[in-house]
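Spelled out from the first residue to the last, the chains are:
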Amino acid sequence: MNSLSIIGAFIITLALLSYGIGSIAIQRFKIVTPGVLIFISLGVFLDFVAVTLMIIGSSNGAFTPHGILGYTAMLTMIINLILIFHWYFKHGYDSIISKSIIEYSKIAYAWWLIAYITGSLLVIWKP
C-alpha cells in the first residue's frame, strides 16, 4: 500500500466514525439535530476524500468490484444526506424524521459498512 492509500484508509475510518455517530443518532432519537447534520455531512465529505485518495493511490484502477461497491455505498450516503437536509429545510431542527428516511438511513449505513468491511478484508488478505 502506498502512502496515499494509507492516508485514505485512515480518513475512511474517520468517515466511519462520523457517519456512524450521525446514523446511530437518527436511529436512536429519530429527530434532526445540528449534530446529526454535522456528523452525516462530515462522514460523507471524509468518505469522498478517502475514496479519491485511494483511487489515486491504487494500481488496480477505479473500476474494480470493490470500487463499484464503494461508489454505490457513497451514492446511498449522499442520497441519505440529501433526504435529511431536505427534511431539515422543510421541518426545522428537532423535528421527528419520517419512518421512510429512518429506514433508508439504516440501509445506507448497512450498505456502507459492507463496503468498509470488504475493503478492510481485501487489504488484510492481499498477498
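Not measured: the values here are computed from a predicted model.

Draft legend 1. Broad picture of the nonpolar core. In terms of nonpolar packing, the biggest core is built from 31 residues, with Tyr19, Ile26, Ile40, Ile84, Ile97 and Trp112 touching the most fellow members. Sorting the residues of this core by element identifies helix H1 (3-29), helix H2 (34-57), helix H3 (65-91) and helix H4 (99-125) as the ones contributing at least two each. Setting aside anything within four residues of it in sequence, one finds Ile84 in contact with Ile26, Val36, Leu37, Ile40, Ile101 and Ser105.

Draft legend 2. Examining unusual backbone geometry more closely. We note that Lys30 has phi near 60°; this positive angle belongs to a residue other than glycine. Among the structural elements, Lys30 can be located in the loop between H1 and H2. We note that Asp94 has phi near 60°; this positive angle belongs to a residue other than glycine. Among the secondary structure elements, Asp94 is positioned in the loop between H3 and H4. The exposure class assigned to Asp94 is exposed, which follows from its relative accessible area of 54%.

Draft legend 3. Broad picture of a nonpolar patch on the surface. On the surface, Ile117, Leu121, Ile124 and Trp125 cluster together to form a nonpolar patch covering roughly 460 Å² of accessible area. Within the secondary structure, Ile124 is located in helix H4. In this structure Ile124 comes out as exposed when scored by relative accessible area, which is 59%.

Draft legend 4. Molecular detail of the environment of Ser3. Here Ser3 is to be found in helix H1. Here Ser3 falls in the exposed class, since its relative accessible area comes to 52%. Remark: the alpha-carbon pair of Ser3 and Leu53, spanning 50 residues in sequence, is separated by 9.4 Å.

Draft legend 5. Geometry of the packing of H1 against H2. Interhelical geometry of H1 versus H2 gives an angle of 160° and a closest axis separation of 7 Å. Between H1 and H2, the angle falls in the class roughly antiparallel. Once H1 is placed against H2, the crossing between them reads as left-handed. Grouping the constituent residues of the contact of H1 with H2 by class yields 23 nonpolar, 7 polar and 1 charged.

The rules behind the values
Residues numbered from 1 in each chain as written. Predicted model: local features only at pLDDT ≥ 70, side-chain atom pairs only at ≥ 80, totals over all residues. Heavy atoms only, no water. Core = buried A, V, L, I, M, F, W, Y, C linked by side-chain atoms within 4.5 Å. Buried < 20%, exposed > 50% of the residue type's maximum accessible area, 1.4 Å probe, protein only. Helix = DSSP H or I, 4+ residues; strand = E, 2+ residues; numbered from the N terminus. Contact = heavy atoms within 4.5 Å. Patch = residues over 30% accessible without salt bridge, like charges linked within 9 Å, V, L, I, M, F, W, Y side chains within 5 Å. Areas by Shrake-Rupley, 256 points an atom, 1.4 Å probe, with all protein chains shown as cover. Salt bridge = Lys/Arg side-chain N within 4 Å of Asp/Glu carboxyl O. Axes fitted to C-alpha atoms, helices over the stretch in contact; angles between N-to-C directions. Parallel < 35°, antiparallel > 145°, perpendicular 65-115°, else oblique. Left-handed = near helix turned anticlockwise from the far one by under 90°. Nonpolar A, V, L, I, M, F, W, Y, C, P; charged D, E, K, R; others polar.

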